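Letter by letter, the chains look like this.
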Amino acid sequence: MTLRGEENVTHYRSSEWAESTFCQICGTHLYYLLLETQTYELSAGIFPDDRKRLVSQIYIESKPDFYDFAQQTPMLTEQEILDQFNSNS
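Since the model is a prediction, treat every value here as computed from it, not as a measurement.

## Things to note about the environment of S20
So, step 1. Note that S20 resides in strand 2 (residues 18-23).
So, step 2. Beyond its immediate chain neighbours, meaning those up to four positions away, S20 contacts T10, H11, Y12, S14, H29, Y31 and Y32.

## What about the pattern of salt bridges?
So, step 1. Tallied over the full model, the rule gives one salt bridge.
So, step 2. Two residues, D68 and K63, come together in a salt bridge whose shortest N-O distance is 3.1 Å.
So, step 3. Given a relative accessible area of 22%, K63 falls into the partly exposed group.

## Notes on unusual backbone geometry
So, step 1. With phi around 55 degrees, Q38 is a residue other than glycine that occupies positive phi space.
So, step 2. Relative to the elements of secondary structure, Q38 occurs in the loop between strand 3 (29-34) and strand 4 (39-42).
So, step 3. Of the residues examined, Q38 reaches a relative accessible area of 45% and is grouped as partly exposed.
So, step 4. Its identity as a non-glycine residue notwithstanding, Y59 has a phi of 55 degrees, on the positive side.
So, step 5. Counting through the fold element by element, Y59 comes out in the loop between strand 5 (57-58) and strand 6 (75-76).

Conventions and cut-offs
Residues numbered from 1 in each chain as written. Predicted model: local features only at pLDDT ≥ 70, side-chain atom pairs only at ≥ 80, totals over all residues. Heavy atoms only, no water. Helix = DSSP H or I, 4+ residues; strand = E, 2+ residues; numbered from the N terminus. Contact = heavy atoms within 4.5 Å. Salt bridge = Lys/Arg side-chain N within 4 Å of Asp/Glu carboxyl O. Buried < 20%, exposed > 50% of the residue type's maximum accessible area, 1.4 Å probe, protein only.

Structure representation (structure tokens):
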């Protein structure tokens, strides 16, 4: 994947373990970078529609009650995500 317009991209240290990256013009979230593993968690919105496939949902305890995807996927809480991150360290 090629990122164009890098002059419009802002990196923000959002926690001790991750950096959030977004477009400074429109505010679109682009990706998270997990610092220790240098793993990129990409936002589905940056890919063309024909290449998207939802494989999991994270931080589900924070989602609004009315917010549901039609496609059924594994649903992970924040604690489950943190446990996975900690087990990789």
